[in-house]
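Observations on the three-dimensional arrangement
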Amino acid sequence: MIGAYNHTQSSPSTTWTVSHQLGTLDVTADAILAYGGSPATVEKIMPLEIVVVDTNTVKILFSSAQTGYVRIVGEIN
């Protein structure tokens, strides 16, 4: 079964620590930056690194402080 978790990073940071509670090391992450406006502009970005810390935590590293969203998707049992 596939599980997913959405995380919002509202304060700028070079490291986003995401507790997704999916209970698996087999995860992927998509980071999205969002800009104000009507309609809002969104941009998918590539972080410097995605580190799977454990079965419930991922760290996403950027070269400069960012705000935005990340979606974690993983295979859960």
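Residues numbered from 1 in each chain as written. Predicted model: local features only at pLDDT ≥ 70, side-chain atom pairs only at ≥ 80, totals over all residues. Heavy atoms only, no water.

Notes on the nonpolar core
Inclusion rule: Residue types Ala, Val, Leu, Ile, Met, Phe, Trp, Tyr and Cys, when buried and joined through side-chain atoms within 4.5 Å, form a set referred to as a nonpolar core. For every residue, the accessible area obtained with a 1.4 Å probe (protein chains only) is divided by the maximum for its type, and the residue is called buried under 20%, exposed over 50%, and partly exposed between those limits. The secondary structure listing takes helices from DSSP runs of H or I that are at least 4 residues long and strands from runs of E that are at least 2 residues long, numbered from the N terminus. A contact between two residues is defined here by any heavy atoms of the two lying within 4.5 Å.
I60, F62, V70 and I72 are the most contacted members of the largest nonpolar core, which has 14 residues in total. Elements with a contribution of two residues or more to this core: β1 (2–19), β2 (27–35) and β5 (57–75). The element contributing the most residues to this core is β5, with five residues. For V70, the residues in contact, after removing those within four places along its chain, are Y5, N6, H7, W16, V18, A29, D30, A31 and I60.

Let's talk about the confidence of the model for the chain
What counts is decided by this rule: As a per-residue measure, pLDDT reflects the predictor's confidence and takes values from 0 up to 100.
For the chain, mean pLDDT is 91; residues scoring 70 or higher make up 96% of the total. Confidence scores differ between elements of the chain, with strand β3 (residues 41–45) showing the lowest mean pLDDT of 83 and strand β4 (residues 49–54) the highest of 96.

Thoughts on the packing of aromatic side chains
Here the distance between the centres and the angle between the planes together describe a pair of aromatic rings. Our working definition: Each pair of aromatic rings taken from Phe, Tyr and Trp, with Trp reduced to its six-membered ring, is defined by centres within 6.5 Å and is described as stacked if the planes are under 30 degrees apart, edge-to-face if over 60, and tilted in the remaining cases.
A full pass over the atoms with the stated rule returns one aromatic pair. Relative to F62, the ring of W16 lies with its centre 4.8 Å away and its plane at 55°, an arrangement referred to as tilted. Of this pair, W16 sits in strand β1 while F62 sits in strand β5, and the two are 46 residues apart along the sequence. Of the two residues examined, W16 and F62, each falls in the buried class.

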